[in-house]
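Structural characterization, general
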Amino acid sequence: MKIKTFLYSFKEGLKSIYRNRLFSLASVGTITACLFLFGIFYFILSNFQYIIKTAETSVGITVFFEEGLAEEKKQELGTLISARPEVDRIHYLSPEETWQSYKEKHLKPELVETFGEDNPLENSDSYEVYLNDVSRQRTLVNYIKTLEGIRLVNSSDITASGLASFNSLVGYISAAILVILLAVSVFLISTTVAMGISVRKEEIAIMRLIGATDYFIRGPFIVEGILIGAVGALLPMGVLYLIYGRVTEAITSRFNTLANVLTFLDIHTVFARLLPLSIGIGIGIGLVGSYLTVRKHLHVV
Amino acid sequence: MRDRPETERKKQRNLKGEMPVIALEHVSKSYQAGISALRDVSLRIRKGEFVFIIGNSGSGKSTLLKLLLKEIEPTEGKIFVNGKILSRLHRRQVAKYRRGLGMVFQDFRLLKDRTVFENVAFAQRVIEAPAASIRRQVPAMLAMVGLTDKQKSFPRELSGGEQQRVALARALVNNPVILLADEPTGNLDPRNSWEIMELLEEVNRRGTTVVVVTHNQEIVDMMQKRVITLNKGILISDEQKGGYSYENQNLSL
Ligand SMILES: Nc1ncnc2c1ncn2[C@@H]1O[C@H](COP(=O)(O)OP(=O)(O)OP(=O)(O)O)[C@@H](O)[C@H]1O
Ligand SMILES: [Mg+2]
């Protein structure tokens, strides 16, 4: 296609949008609503995923051995646990390390002095087990409890698996709403383009007689659809970009007890994926809506 | 091998310019089963001819032009235009094919929201002509139809005759081989009608084949061109230097 033809299509597309401004506005409005919601769901989903990810790596299981268990036996247990598919990695914590971190976390320095060189946690060496999938924590705990030589299994956070199932629920709901909004958007764009075609019926008939090619006749309407879709995508992204920082800040300060769990993704990380995705969806809606309509109404020679 | 000499002869005729630019062979068209708009029409129009097509209302004149434009398909028969067999043109080739034809209608069919200049330029834009060609061709056409000072006017600001001249400029701006006009003077007074006819004759003198459907008896009688008469879809006469003869009148009653 010649550049001139492209410019022509662009200009005519803009004109058509202006002529049907009411319907164009309605179309932009629905796409905006659609992608605004999409953006919000995307925020929720990606941040939950991020929170869970952080939780998965920080939350672990601690496994203590029966008193006086032989060194080889401990190693054997380590190999068994590591072999589980849901296990990401395990870490052996010696009695010294355990005592050291306990001292640092819970004891006053003057109290530490009184212990001297003794290690009261002589028998409290352990494995810290990190999962690659929090939702399977319970299964793993049950498994480890059946092993011989285990005194105690501590699993620190049970909310993680609840978080995971909530995440997938949000996923399903947002998918359902999105599908409905997508359908409405395509329908509205199609109506807008159909109106544009009916307004220009006479002109199109003349174009055909003069010898305009199909793509020349269709071009402006396709451009119209794409432009509506693109504007409908950029508008909500702009708004979301402006409010993202404020909303995450508000949530963090509101629930400051959870501050160490609620770690939000950086705005640029989120938009690096959300922006192209939304523009793609917006333009996709515009293209599909206008292309179907143009095919239907401009098919006869 | 038998066909060889014949194709060879055809080629030769083509070279001499004798090959008809329009040819219909046993063409019939019925819109609905049973009612024929055209019946077994055969005719040939050579390059550079000026032809009137006359006949009563409903005799199939517009149908004939629509067939030539490939707006509709014949029920039977073959149509050749500009060396192409129309039935063999693919959907995608129709646009390019039509660029060889100019078309003028009784109701002008101008774009109301565009100036005279833009209406004529529109035909060039539609075929994606370069800007230089638009700058050259459009003023030339407007000068030919005598509307240079009206180029910034809108169609509603023009008389019927002027509007038809704009339509003519638009039809000619892409240098068509054939100009088809369906009752171009149908909405015009005698003076404007004659002006249009004189322009069509001028266009024909410059080499364009012109086919004019008309009801204007006086013009047909005066201009002494070839006249093809249709009656109820049948070609009933085809005369060089014909007129709106009384025979035809009687037949149509
Ligand atoms: N689209 C159509 N559908 C059905 N019948 C049609 C259609 N177009 C034309 N006809 C019929 O075909 C016949 C020929 O019509 P056509 O328009 O070719 O006549 P015409 O000679 O141009 O008449 P006029 O001088 O009134 O313009 C008429 O009987 C008309 O009713
Ligand atoms: Mg007619």
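Scroll up to find the structure.
Anyway, here's the lowdown on the structure attached to this text. What you are looking at is a predicted structure, and each value in this text was computed from that prediction instead of being measured. (Residues numbered from 1 in each chain as written. Chains lettered and ligands numbered in written order. Predicted model: local features only at pLDDT ≥ 70, side-chain atom pairs only at ≥ 80, totals over all residues. Heavy atoms only, no water.)

1. A few points about the side chain of B:Q163
Residue and element names in this part refer to chain B.
- Residue placement: Q163 occurs in helix α6 (residues 160-172).
- You can call Q163 buried: its relative accessible area is 17%.
- Look past the residues within four positions of Q163 in its chain and what remains in contact with it is F108, L110, P155 and L158. (Helix = DSSP H or I, 4+ residues; strand = E, 2+ residues; numbered from the N terminus. Buried < 20%, exposed > 50% of the residue type's maximum accessible area, 1.4 Å probe, protein only. Contact = heavy atoms within 4.5 Å.)

2. Things to note about the packing of helix α4 (residues 116-126) of chain B against α6(B)
Residue and element names in this part refer to chain B.
- It is at 7 Å that the axes of α4 and α6 come closest, and there the two elements cross at 30°. Relative to α6, the element α4 is oriented roughly parallel. Relative to α6, the crossing made by α4 is right-handed. Counted together, V116, N119, V120 and A123 of α4 and V166, A169 and R170 of α6 form the full contact between these two elements.
- In terms of residue class, the contact of α4 with α6 is built from five nonpolar, one polar and one charged. (Axes fitted to C-alpha atoms, helices over the stretch in contact; angles between N-to-C directions. Parallel < 35°, antiparallel > 145°, perpendicular 65-115°, else oblique. Left-handed = near helix turned anticlockwise from the far one by under 90°. Nonpolar A, V, L, I, M, F, W, Y, C, P; charged D, E, K, R; others polar.)

3. Regarding the nonpolar core
- Grouped together as the largest cluster of nonpolar side chains are 81 residues, with contacts concentrated most on A:M207, B:F52, B:V120, B:L179, B:L200 and B:V212.
- It is helix α9 (residues 214-254) of chain A that contributes the most residues to this core, 11 residues altogether.
- For A:M207, the residues in contact, after removing those within four places along its chain, are A:Y8, A:A212, A:F216, A:I217, B:F122 and B:V126.
- If you look at the next biggest cluster of nonpolar residues, it comprises 31 residues, including B:I53, B:L65, B:Y97 and B:L180. (Core = buried A, V, L, I, M, F, W, Y, C linked by side-chain atoms within 4.5 Å.)

4. As for empty space enclosed by the protein
- Under the counting rule described, the total for this entry stands at two cavities of 30 Å³ or more.
- The calculated volume of the largest cavity comes to roughly 150 Å³.
- Sorting the residues of the lining of the largest cavity by element identifies α8 (201-210) of chain A together with β6 (101-105) and α6 of chain B as the ones contributing at least two each.
- The element that contributes the greatest number of residues to the lining of the largest cavity is β6(B), accounting for four residues.
- For the lining of the largest cavity, a count of residues per class yields 10 nonpolar, two polar and four charged.
- Of the voids in this model, the second largest cavity is the one considered here, and its volume is about 30 Å³.
- Forming the walls of the second largest cavity are B:E73, B:P74, B:G77, B:K78, B:I79, B:I85, B:L86 and B:S87.
- Each residue belonging to the lining of the second largest cavity can be placed in one class, and the counts come to four nonpolar, two polar and two charged. (1 Å grid on protein atoms, 1.4 Å probe; cavity = no way out; pocket = protein on both sides within 12 Å on 5 of 7 lines; lining within 4 Å. Points joined across faces, edges and corners; volume = space filled by probe spheres on them.)

5. A few points about the environment of A:E249
All names here are of chain A.
- Position of E249 among the secondary structure elements: in helix α9.
- Overall, the relative accessible area of 59% leaves E249 in the exposed class.
- Between the C-alpha atom of E249 and that of F264, which follows or precedes it by 15 residues, the distance is 9.2 Å.

6. What about the interface of chain A and chain B?
- Each side of the interface is counted separately: chain A has 22 residues, and chain B has 24 residues.
- Between chain A and chain B, a total of about 2000 Å² is buried, with carbon and sulfur atoms accounting for 54% of that surface.
- The tally of links between chain A and chain B comes to five salt bridges.
- Applying the counting criterion to the chain A and chain B interface returns seven residue pairs in polar contact (both at pLDDT 80 or more).
- Counting only elements with at least two residues in the side of chain A that touches chain B, the list comes to α1 (3-19), α8 and α9 of chain A.
- Residue contributions to the side of chain A that touches chain B peak at seven residues, all from α8(A).
- Of the residues that constitute the side of chain A that touches chain B, the class distribution is eight nonpolar, four polar and 10 charged. (Buried area = accessible area lost by both parts, 1.4 Å probe. Salt bridge = Lys/Arg side-chain N within 4 Å of Asp/Glu carboxyl O. Polar contact = N/O pair within 3.5 Å; in protein donor to acceptor, adjacent residues only side chain to side chain.)

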